[in-house]
Amino acid sequence: SQTIHQWPATLVQPVGSPLSLECTVEGTSNPNLYWYRQAAGRGLQLLFYSVGIGQISSEVPQNLSASRPQDRQFILSSKKLLLSDSGFYLCAWSVLGDSYNSPLHFGNGTRLTVT
Amino acid sequence: AQKITQTQPGMFVQEKEAVTLDCTYDTSDPSYGLFWYKQPSSGEMIFLIYQGSYDQQNATEGRYSLNFQKARKSANLVISASQLGDSAMYFCAMREGEDDYKLSFGAGTTVTVRA
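All of the points below concern the structure found in this document. (Residues numbered from 1 in each chain as written. Chains lettered and ligands numbered in written order. Predicted model: local features only at pLDDT ≥ 70, side-chain atom pairs only at ≥ 80, totals over all residues. Heavy atoms only, no water.)

This brings us to the state of the cysteines. Applying the stated criterion across every chain yields a total of 2 disulfides over all chains. Paired through a disulfide, C23 of chain A and C91 of chain A show a sulfur-sulfur distance of 2.0 Å. Taking the torsion about the sulfur-sulfur bond, which here is approximately -75 degrees, the covalent link between C23 of chain A and C91 of chain A counts as left-handed. Highlighted residues: C23 of chain A in strand β3 (residues 19-26) and C91 of chain A in strand β9 (residues 87-94), separated in sequence by 68 residues. Considered together, C23 of chain A and C91 of chain A belong to a single accessibility category, that of buried residues. One disulfide bridge connects C23 of chain B with C92 of chain B, the sulfur atoms lying 2.0 Å from each other. The sign of the -65 degrees torsion about the S-S bond sets the C23 of chain B-C92 of chain B disulfide as left-handed. Note that C23 of chain B is positioned in the loop between β3 (19-21) and β4 (24-25) and C92 of chain B in strand β10 (residues 88-96), a separation of 69 residues in sequence. Classification of C92 of chain B as buried rests on a relative accessible area of 0%. (Disulfide = S-S within 2.5 Å. Helix = DSSP H or I, 4+ residues; strand = E, 2+ residues; numbered from the N terminus. Buried < 20%, exposed > 50% of the residue type's maximum accessible area, 1.4 Å probe, protein only.)

Inspection of the entire model under this criterion finds 12 aromatic pairs over all chains. Seen from their ring centres, W35 of chain A and F74 of chain A are 6.1 Å apart, and the 25 degrees between their planes marks the pair as stacked. Of this pair, W35 of chain A sits in strand β4 (residues 32-38) while F74 of chain A sits in strand β8 (residues 73-78), placing them 39 residues apart in sequence. This pair shows no difference in class: W35 of chain A is buried, exactly as F74 of chain A is. Judged by centre distance (5.1 Å) and plane angle (50 degrees), the rings of Y25 of chain B and Y32 of chain B are tilted. Judged by its relative accessible area of 5%, Y25 of chain B falls in the buried class. Owing to a relative accessible area of 4%, Y32 of chain B belongs among the buried residues under this scheme. Pairwise contacts between aromatic rings join Y34, Y36 and F106 of chain A together with F35, Y37, F47, Y50, F91 and F105 of chain B into one cluster. The cationic tip of R111 of chain A hangs over the ring face of F88 of chain A; the distance from NZ or CZ to the ring centre is 4.3 Å. Above the ring of Y64 of chain B, the side-chain terminus of R63 of chain B is found at 5.8 Å from the ring centroid. (Phe/Tyr/Trp six-rings, centres within 6.5 Å; stacked < 30°, edge-to-face > 60°. Lys NZ or Arg CZ within 6 Å of the ring centre and 35° of its normal.)

All names here are of chain A. The strand order β1-β3-β8-β7 describes an open sheet built from 4 strands, whose pairing is antiparallel. Since the sheet does not close on itself, it has two edges, and those belong to β1 (3-7) and β7 (65-70), each with one partner. Direction aside, the axes of adjacent strands within the sheet are offset by 20 degrees on average. Two elements, β3 and β8, share 6 bridges in a ladder whose sense is antiparallel. Counted as the bridge partner of L21 is L76 from β8. (Pairing = 2+ DSSP bridges. Axes fitted to C-alpha atoms, helices over the stretch in contact; angles between N-to-C directions.)

A separate point is the pairing of β1 of chain A. Residues and elements named next belong to chain A. Of the two faces of β1, only the one carrying I4 and Q6 is buried; T3, H5 and W7 on the other face are not. Where β1 lies against β3, 5 bridges are found, and the strand directions are antiparallel. Looking at the pairing, H5 lines up with T24 of β3.

Note that every value here comes from positions in space, so none of it alone points to a role or purpose.
What follows is the structure in structure tokens.
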């Protein structure tokens, strides 16, 4: 069965420090991968998605970047964190070539607090 | 324009009773999928149920059913026989045929089940 791992679970970082969040998927090949952010008590906002190694699409211009160095690995990064980067970050995957009738499957999330 | 609207920020329901969570959507694409997710306080997003735009019957999954009214563009979730473990935030989401990589979320509804 497919599983998705996301770490760390919680992170407290000072303003101006770098960020690296990692997500890996097991049990499937060539997944679509996604990074979402959730502000406190709000819905989810799509940040990045990827349909293959090195292929990254950005939904919202911001202080973050994403990379996909391996088929089942998706990394969210920042060179200098802002206070507004605080939030709950969720990685998700779906089957490559899927369509509007397929759900996304989410990791357990990373709660980031920028101080 | 908001693609998914959930107008109930919070609801209380008595244990063993049914609860209906409202969701309306906006799209001009004839092909789309509607999803409901549950997010407990621990943060993970759990996929509950799916309804496709071409489905003739309402979707059901155990105690979850989806009241799909296409002409009204609504996709309400019904949870029957509520349990204490149903206390969580519930999100309605949509994938559209033309932008089918993207899952757009509503703001969510918090459900609290009372004993």
